[in-house]
Amino acid sequence: MQPARLDARSSRFVAAALLGILVLAQPSRAQTVLETPQQTNDRIKALSATSHAPSGEYIVGRGDLIAVDVFDVPEISREVRVSQTGTIGLPLLPVRLVVSGLTEIQVEQKIAEVLEANGLVSHPQVTVSVKEKKSKPITIVGAVVRPMVYSADRQVTVLEVLAEAGGISNDAGDTVIVSRPDQSSADSSSEPPEITPADLTAPAADPSAPTNQPNQNASNSTASAVPPPLSNTITINLNELLEAGDSRNNIVLQGGDIVTVPHAGIVYVLGAVAHPGGFVVTNDREQLSTLKALALAGGMNATARKSQAVIIRKDAAGQQHQVIVDLGKVLKQETEDVKLQASDVLYVPQSGSRAALIRAAEIGLGIGTAVAIFRVGQRN
């Protein structure tokens, strides 16, 4: 008995079925999953709670408000703001002290040694505490729920600041960009500078000079008063961080970092499909096409009018245009698959419906929050 041969129609059917199965096939063993932005944000919150950066002593910086208490010397005890040159001024001291980059204990030591070295207080007992921590701002912008400036009073990670910003918005891409100031800045060093002998003894006062004339160290720090340019950019794959559990991407942030979550846009698939909704256009994958969008939406229903599908797209001027796509021919590879753009609406009408273009236009105008949004992720 001879094996049955497939005719041309059957061959095209098999090819189309295989194409639909392999549309989203990945080279790795990771499984493609869909989840809502709220599910993603719940995972960000849960992961951030277990991924705290290692704690360490706070490093005083420009703009911080510190309280200085010298025991039994109320004339010197007070709250002072660290200047943009990284210095503070105290009564009776003829110089300003460089405290930026020091821990609270080191500032205590420095003030005590300067007071004693200048014969102002014998065996001073100094206590220093930071009242307002303004020197470590981390800015979170882009596709997040609450763009904000986060004042870090300790070391924080990417996941922690994303959780502080309420998580990502519906159209967030799958990358996070960290723009970091030039590491040559003195304040960017993780190790506080040592106290030098030049900090302990004040130079002879010049009667013609004001009493708050900065010493040489303070003058040298003036060059860093202007915030350094953002010269380092770190790109983090959000999918690898969340889906694959790659903790190496959960870097510790520094004061002055700008965390940006780019907007990626959403492609909508509506009508006679299994799971209508909006699907986030990711940044590091190949651009979505009609076949991939259909695969994400679970494929077409049996009643779908394949030859009358419509792509609704707005041009640069905001004008809405409609393009008919014959999905039947696309599945049979008789015509080229159409690449989709952010904000496109792929509408597949039912076989019994009329005026498909009008219906698609109506859906496109009111699509805002009427459908569910899904993100494409990978799970091992």
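The structure displayed is predicted, hence computed values, not measured ones. (Residues numbered from 1 in each chain as written. Predicted model: local features only at pLDDT ≥ 70, side-chain atom pairs only at ≥ 80, totals over all residues. Heavy atoms only, no water.)

A. Region of the structure containing the overall build of the chain. Looking only at helices and strands, the chain features 9 helices and 17 strands. Burial statistics for the chain: of 380 residues in total, 42% are counted as buried. Within the chain, contacts between residues separated by at least 24 positions form 70% of all contacts whose residues are at least 6 apart in sequence. (Helix = DSSP H or I, 4+ residues; strand = E, 2+ residues; numbered from the N terminus. Buried < 20%, exposed > 50% of the residue type's maximum accessible area, 1.4 Å probe, protein only. Contact = heavy atoms within 4.5 Å.)

B. Molecular detail of the environment of Ala-143. With respect to the helices and strands, Ala-143 occurs in the loop between strand S7 (137–142) and strand S8 (148–151). The buried category is assigned to Ala-143, whose relative accessible area is 0%. Residues Ala-143 and Pro-262 lie 119 residues apart in sequence; the distance between their C-alpha atoms is 5.8 Å. When neighbours within four sequence positions are excluded, Ala-143 is seen to be in contact with Ile-168, Ser-169, Asp-171, Ala-172, Val-261, Pro-262 and His-263.

C. Structural detail: the sheet that holds strand S3 (residues 78–81). The antiparallel open sheet is built from 3 strands, whose spatial order is S3-S2-S6. Of all the strands in the sheet, the pair left with one neighbour each is S3 and strand S6 (126–132). Across the sheet, the mean angle separating the axes of adjacent strands is 25 degrees when strand polarity is ignored. Sheet strands in contact with helix H3 (residues 104–117) are strand S2 (65–70) and S6, and its direction is about 135 degrees off that of S6. (Pairing = 2+ DSSP bridges. Axes fitted to C-alpha atoms, helices over the stretch in contact; angles between N-to-C directions.)

D. Expanded view of the environment of Gly-142. Here Gly-142 is to be found in strand S7. Not counting the four nearest positions on each side in its chain, Gly-142 is found in contact with Pro-147, Val-261 and His-263.

E. Local environment of the environment of Gln-308. Relative to the helices and strands, Gln-308 is located in the loop between helix H7 (290–296) and strand S14 (309–314). Note on Gln-308: relative accessible area 30%, which makes it partly exposed. Separated by 17 residues in the primary sequence, Gln-308 and Val-325 have C-alpha atoms spaced 6.3 Å apart.

F. Main features of the pairing of S2. With 5 of 6 residues buried, S2 is to be regarded as a mostly interior element. Pairing analysis gives 4 bridges linking S2 to S3, with the strands arranged antiparallel. Paired with Ile-66 across the strands is Val-80, a residue of S3. When S2 meets S6, the two strands line up antiparallel, connected through 6 bridges. Pairing of Leu-65 across the sheet is with Glu-132, part of S6.

G. A look at unusual backbone geometry. Unlike most non-glycine residues, Leu-92 shows phi in positive territory, near 75 degrees. Relative to the assigned elements, Leu-92 resides in the loop between strand S4 (87–88) and strand S5 (97–98). Even without a glycine there, the phi angle at Ser-343 is positive, about 80 degrees. On the accessibility criterion, Ser-343 (54% relative accessible area) is exposed.

H. Fine view of the side chain of Ser-83. Take Ser-83: it is sitting in the loop between S3 and S4. When sequence neighbours within four positions are dropped, the list of residues in contact with Ser-83 reads Arg-62, Gly-63 and Arg-96.

I. Looking closely at helix H2 (residues 37–49). With 13 residues, H2 should reach 18 Å at 1.5 Å per residue; the first-to-last C-alpha distance of 18 Å fits that figure. Along H2, the positions that sit buried rather than exposed are Pro-37, Thr-40, Asn-41, Arg-43, Ile-44 and Ser-48. Taken end-on, H2 shows its buried residues confined to a sector of 160 degrees, consistent with a single buried face. In H2, those exposed residues whose orientation departs by more than 90 degrees from the buried face are Lys-45 and Ala-49. (Expected span 1.5 Å × (residues − 1). Arc of directions from axis to C-beta.)

J. Structural context of the pattern of salt bridges. Per the stated rule, a full pass over the model turns up 3 salt bridges. Notably, a salt bridge pairs Glu-132 with Arg-81, separated by 3.0 Å at the nearest N-O pair. Here Glu-132, found in strand S6, pairs with Arg-81, found in strand S3; they are 51 residues apart in sequence, far enough to count as distant. Looking at Arg-81, the relative accessible area reads 41%, which means it is partly exposed. Notably, a salt bridge pairs Asp-257 with Arg-180, separated by 2.7 Å at the nearest N-O pair. Here the residue Asp-257 occupies a position in the loop between helix H6 (238–242) and strand S11 (258–261), and Arg-180 occupies one in strand S9 (residues 175–181), the gap between them amounting to 77 residues. With respect to class, Asp-257 is no different from Arg-180; both count as buried. (Salt bridge = Lys/Arg side-chain N within 4 Å of Asp/Glu carboxyl O.)

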